[in-house]
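A look at the structure
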Amino acid sequence: MSACLLWFRRDLRLSDNPALTAALARGTPVIPVYIHDPEAERPWTPGAASRSWLHHSLTALAADLAVRGSCLIVRRGPALDTLQALIGETGANAVLWNRLYEPALVARDTRIKAALKRDGIEAGSHNAALWCEPWQIATGSGAPFKVFTPFWRALATRLPDAPIQPAPERIPAPREWPAGLSIDELALRPQLAWDQGFYAIWQPGEAGALARLASFIDDGLHGYRDARDRPAEGGVSRLSPHLHFGEIGPRQVLRAVQRARAGGEVPERDAEHFLRELGWREFAHHLLHHFPETPDAPLNPGFAAMPWRAVRDHEAELRAWQRGRTGIPIVDAGMRELWATGWMHNRVRMIVASLLTKNLLIPWQHGARWFWDALVDADLANNTLGWQWVAGCGADAAPYFRIFNPVLQSRKFDATGRYIRRWVPELADLSDAAIHAPWTLGADAPRGYPPPIVDLGASRQRALDAYARMRAAG
DNA sequence: TCTCTGTTCGC
DNA sequence: CGAACAGAG
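Think of each chain on its own: its residues are numbered from 1, step by step along the sequence as written. Chains carry letters from A onward and ligands carry numbers from 1 onward, assigned in written order. pLDDT decides what is reported in this predicted model: residues at 70 or higher carry local features, side-chain atom pairs at 80 or more are listed and counted, and totals for whole chains, interfaces and linings draw on all residues regardless. Hydrogens and water molecules were not included; the side-chain quantities draw on all heavy atoms of the structure.

**Topic: the protein's contact with DNA strand B**
Of all residues adjacent to DNA strand B, which total 13 residues, the nearest are Trp280, Met350, Tyr400, Ile403 and Asn405. The cutoff for a nearby residue is simple: one of its non-hydrogen atoms must lie within 4 Å of the molecule or strand. For DNA strand B, the backbone makes up 55% of the atoms found within 4 Å of the protein, where backbone means sugar plus phosphate. One of the side-chain nitrogen or oxygen atoms of Tyr400 is found 3.4 Å away from a base nitrogen of DNA strand B. At the level of elements, helix H10 (268-290), helix H13 (346-359) and helix H16 (406-413) are the ones that each hand at least two residues to the surface near DNA strand B. When residues are sorted by character, Ala, Val, Leu, Ile, Met, Phe, Trp, Tyr, Cys and Pro go into the nonpolar class, Asp, Glu, Lys and Arg into the charged class, and all the rest, Gly among them, into the polar class. A class-by-class count of the residues in the surface near DNA strand B yields seven nonpolar, two polar and four charged. The term polar contact refers here to a pair of N or O atoms within 3.5 Å; inside protein, the definition further demands a hydrogen-donor-capable atom paired with an acceptor-capable atom, and it admits residues adjacent in sequence only when both atoms are side-chain atoms. Only DSSP runs of H or I with at least four residues qualify as helices, and only runs of E with at least two residues qualify as strands; both kinds are numbered from the N terminus onward.

Dropping the structure here:
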């Protein structure tokens with residue numbers, strides 16, 4: 001009897017899922033499968049925080065499938081071998097999935113599709129993750145975009161308009177289910193439960209994603225343009241991990257914003273600024289597709305000559321940055337928020353990344369690696385774009401060498417020090433005037449909090465000099 | 001999605 | 001003397 005394997009990867013939802021829609025349209029039983037195959041993602045195997053989230057997301061998906069008379073079959077091993085084994089066991093004659101965009105996974109999926117077709121198996125891939133496929137958008141001369149603003153203008157002409165499918169009420173089951181592992185057997189959670197704190201603020205899974213979107217549209221979108229920059233406020237959507245795992249799709253987010261905008265509940269400027277953030281996500285995938293080397297190498301080749309400091313000589317500085325012990329309050333607050341919650345506010349991501357790459361002159365790849373392990377929303381496209389942007393070697397390079405001043409940023413975006421007080425409690429008693437730069441208190445600076453790891457003025461000049469030397473060499 | 005400096009303006 | 005602004009990198 002014929003059946004269809006529905007291969008879940010990072011599209012862990014039942015609404016707005018084109019592969020699921022296609023599977024149902026075939027009218028045969030559907031066998032949902034998740035295959036744990038981290039080796040295929042080398043060198044970017046999922047980090048520890050991301051694996052923790054995945055555990056919870058798979059658990060939610062399995063429950064959502066069970067309610068619909070279905071079942072998530074969990075396996076481990078090379079994806080093609082596992083799919084072929086399942087085909088043998090179930091007699092399935094089709095495999096459907098939604099696309100991923102990481103270079104290593106694109107290569108794997110291409111091989112799998114060819115192998116399945118050679119065996120006479122229908123193999124179909126769909127778009128669940130993007131407004132617009134990276135290869136469907138180009139400059140006037142047919143080249144990929146490297147600057148955000150023109151990319152955004154082009155994207156606006158190609159927004160999706162197909163209707164969004166709701167989650168089905170039932171999913172037809174096979175007469176017999178193949179064997180599978182329990183989610184626990186994948187050992188995705190850390191041995192020491194350092195991720196416990198994460199789930200006080202996060203609800204992985206489709207229901208959590210939809211609830212987050214709804215509450216953001218209701219009371220976060222209004223005033224978003226300004227509130228999004230203040231890390232002490234809940235002024236951002238916090239949808240990033242849900243989007244990364246496909247617990248919600250960008251089309252669903254777009255549709256919800258458009259509805260709120262049309263209803264007049266939300267000022268145009270706030271809707272526009274939020275949609276631009278989704279535009280940056282699309283841009284990141286566009287760049288990763290067209291420049292697959294960029295997770296490791298600068299997009300701007302001139303940066304090969306950038307005299308970064310060798311990290312092996314400065315392990316202690318990297319370690320202090322990772323642990324939130326740089327002595328610069330806004331930076332330490334961000335790094336500790338990351339450690340405690342698996343997430344960091346985007347404004348603060350830019351500040352901590354600028355300190356590492358500019359003031360400490362440590363290569364951006366080391367920061368990207370740390371984020372990769374610590375973020376629940378770790379995403380190769382977004383992480384690469386963000387780090388290259390801050391380092392100055394990526395797309396949308398400014399005509400100047402951008403160096404954030406963490407004290408000014410802190411005064412501007414955390415004026416009352418609420419964010420710092422929350423994550424750096426040893427500074428909680430300082431005045432609003434002193435909390436952004438406690439070393440200015442001299443002998444009165446709080447004990448137990450380190451002095452700044454670098455002189456911000458001198459290290460700024462050092463970075464500018466390094467940049468000038470790079471340009472002279474190029 | 002920036003910072004620094006110098007200038008001007010208002011108090 | 002600080003706020004506001006322009007220009008440069």
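**Observations concerning helix H4 (residues 103-118)**
Along its 16 residues, H4 runs 23 Å from first to last C-alpha, staying within 8% of the 22 Å computed at 1.5 Å per residue. Between buried and exposed lies partly exposed: a residue is buried under 20% and exposed over 50% of the maximum accessible area for its type, with that area taken using a 1.4 Å probe on protein chains only. Inspection of H4 places Leu105, Arg108, Asp109, Ile112, Ala115 and Leu116 among the buried residues, and these make up the whole buried set. Looking straight down H4, one finds that the buried residues subtend no more than 130° of arc, so they occupy a single side. Exposed positions of H4 whose direction lies more than 90 degrees from the buried face are Thr110, Arg111, Lys117 and Arg118. Taken from the residues just after H4, Gly120 is the one with a positive phi, measuring 80°. To estimate how far a helix should extend, the number of its residues minus one is multiplied by 1.5 Å. The arc under discussion is defined with respect to the helix axis, by the directions toward the C-beta atoms.

**Side note on the packing of aromatic side chains**
By convention, a stacked pair of Phe, Tyr or Trp rings (six-membered ring in the case of Trp) has centres within 6.5 Å and planes under 30 degrees apart, an edge-to-face pair has planes over 60 apart, and any other such pair is tilted. Enumeration over the complete set of coordinates arrives at 24 aromatic pairs. Ring centres of Trp44 and Trp372 lie 5.2 Å apart, and the angle between their planes is 80°; this geometry places the pair in the edge-to-face category. Of this pair, Trp44 sits in the loop between strand E2 (30-36) and helix H2 (48-67) while Trp372 sits in helix H14 (residues 364-374); the two residues are 328 residues apart in sequence, bridging distant segments of the chain. Each member of the pair, Trp44 as well as Trp372, is classed as buried. The interplanar angle of 40° and the centroid separation of 5.0 Å between the aromatic rings of Phe151 and Phe283 together place this pair among those described as tilted. Highlighted residues: Phe151 in helix H5 (residues 148-156) and Phe283 in helix H10, separated in sequence by 132 residues.

**Section: the domain arrangement of chain A**
Domain start and end points were adopted from an automatic or database domain assignment. Domain parsing of chain A yields domain 1 (4-129), domain 2 (130-164 + 206-290) and domain 3 (301-473). Taken over C-alpha atoms, the centre of domain 1 sits 25 Å from the centre of domain 2. Contacts were defined at the residue level, with two residues in contact if any of their heavy atoms lie within 4.5 Å. Residue-level contacts link 20 residues of domain 1 with 21 residues of domain 2. Two parts placed together each lose some accessible area; with a 1.4 Å probe, that loss summed over both constitutes the buried area. Together domain 1 and domain 2 conceal approximately 1900 Å² of surface at their shared face, both sides included; 50% is due to carbon and sulfur atoms. On the domain 1 side of the interface with domain 2, the three residues burying the most area are Asp16, Trp53 and Tyr101, jointly 34% of the side's total. The working definition used for a salt bridge is a side-chain nitrogen of Lys or Arg within 4 Å of a carboxyl oxygen of Asp or Glu. Along the contact surface separating domain 1 from domain 2 lie two salt bridges. On the surface where domain 1 and domain 2 come into contact, there are 15 residue pairs in polar contact (both at pLDDT 80 or more). The element that contributes the greatest number of residues to the side of domain 1 that touches domain 2 is H2, accounting for five residues. Tallied by class, the residues present in the side of domain 1 that touches domain 2 amount to nine nonpolar, four polar and seven charged.

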